[in-house]
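Here is how the chains run, residue by residue.
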Amino acid sequence: MIRAVIVCFGFLVATACSNEPASKQPTSPTPSGTAAPVQTSVYQGVGVVKALNPQRPGIEIDHEEIVGLMQGMQMEFPVTDKALLNGLAVNDRVDFTIENSTGEMNIIAIKKK
C-alpha cells in the first residue's frame, strides 16, 4: 500500500515538473474590441510672445498659469496651422487655446489682446 502511494506521488511530481515546450503551454486570451478613445482636453492661456518659429511652426510664449495644465513659465508650443502666426510679433500680449491630447500640446487658436 505504501509502495503504491509512493509510486503515485512520484508520478504526480514527474508530470508536474515536465519540460513541455512553451507552444503547448496555455496562453492568455487575445484582447479584442475597440480601443479606448483618446482623451483630448482644451485649455485657455494668456501670455506674451517671445519668439515666432514659422518653420516648425511654433511660438514661444511667456505665459501665466494655465489652470488645470501647468504653472506659468516661458516655453515654445507647436501650432496646428502656420497661419495662426500671421500678424503676431514679439512682445504682443495674446490669448491662446491649447489642445492637450495624450501629452502632446498644440496651440489651436491665438489672438492679440
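Cut-offs used in this document
- Residues numbered from 1 in each chain as written.
- Predicted model: local features only at pLDDT ≥ 70, side-chain atom pairs only at ≥ 80, totals over all residues.
- Heavy atoms only, no water.
- Helix = DSSP H or I, 4+ residues; strand = E, 2+ residues; numbered from the N terminus.
- Buried < 20%, exposed > 50% of the residue type's maximum accessible area, 1.4 Å probe, protein only.
- Contact = heavy atoms within 4.5 Å.
- pLDDT = per-residue confidence, 0-100.
- Pairing = 2+ DSSP bridges.
- Axes fitted to C-alpha atoms, helices over the stretch in contact; angles between N-to-C directions.
- Phe/Tyr/Trp six-rings, centres within 6.5 Å; stacked < 30°, edge-to-face > 60°.
- Salt bridge = Lys/Arg side-chain N within 4 Å of Asp/Glu carboxyl O.

Structural notes on the overall build of the chain
Counting secondary structure elements, the chain contains one helix and five strands. Each helix and strand of the chain, placed in order from N terminus to C terminus, yields the pattern α-β-β-β-β-β. Here the chain, with 113 residues, has 22% of them falling under the buried criterion. A sequence separation of at least 24 residues applies to 50% of the contacts in the chain between residues at least 6 apart.

Brief notes about the confidence of the model for the chain
In low-pLDDT regions, the fine details of the predicted coordinates are not to be read closely. Mean pLDDT over the chain stands at 81; residues scoring 70 or higher make up 66%. Confidence, read as mean pLDDT per element, is least for helix α1 (residues 2-16) in the chain (49) and greatest for strand β2 (residues 58-63) (98). Low pLDDT, under 50, characterises residues 3-9; the predicted model gives this stretch zero contacts beyond four residues in sequence or across chains.

As for the sheet that holds strand β3 (residues 73-78)
Here we have five strands laid out as an open sheet, ordered β3-β2-β1-β4-β5, and antiparallel in their pairing. Whereas interior strands pair on both sides, the edge strands pair on one side only; in this sheet they are β3 and β5 (104-112). In this sheet, neighbouring strand axes are inclined to one another by 45° on average, regardless of whether the strands run parallel or antiparallel. Across six bridges, strand β1 (residues 40-53) lies against β2 in antiparallel orientation. Note that in β2 the partner of valine 48 across the bridge is aspartate 62.

Concerning the packing of aromatic side chains
Applying the stated criterion across every chain yields a total of one aromatic pair. Centroid distance phenylalanine 77 to phenylalanine 96: 5.9 Å. Interplanar angle 45°. Geometry classified as tilted. Linking phenylalanine 77 in strand β3 with phenylalanine 96 in strand β4 (residues 93-101), this pair joins segments that are 19 residues apart in sequence. Judged by its relative accessible area of 1%, phenylalanine 77 is buried.

Re the pattern of salt bridges
On inspection of all chains with the given rule, the structure shows four salt bridges. Put simply, glutamate 64 and arginine 93 hold a salt bridge, and the shortest N to O gap is 2.8 Å. Separated by 29 residues along the polypeptide, glutamate 64 in the loop between β2 and β3 and arginine 93 in strand β4 bring together distant segments of the chain. The class for glutamate 64 is partly exposed, based on a relative accessible area of 43%. Note that lysine 113 is salt-bridged to aspartate 95, the shortest N-O span being 3.6 Å. Placement of lysine 113 in the segment after β5 and of aspartate 95 in strand β4 is noted, with a sequence separation of 18 residues between them.

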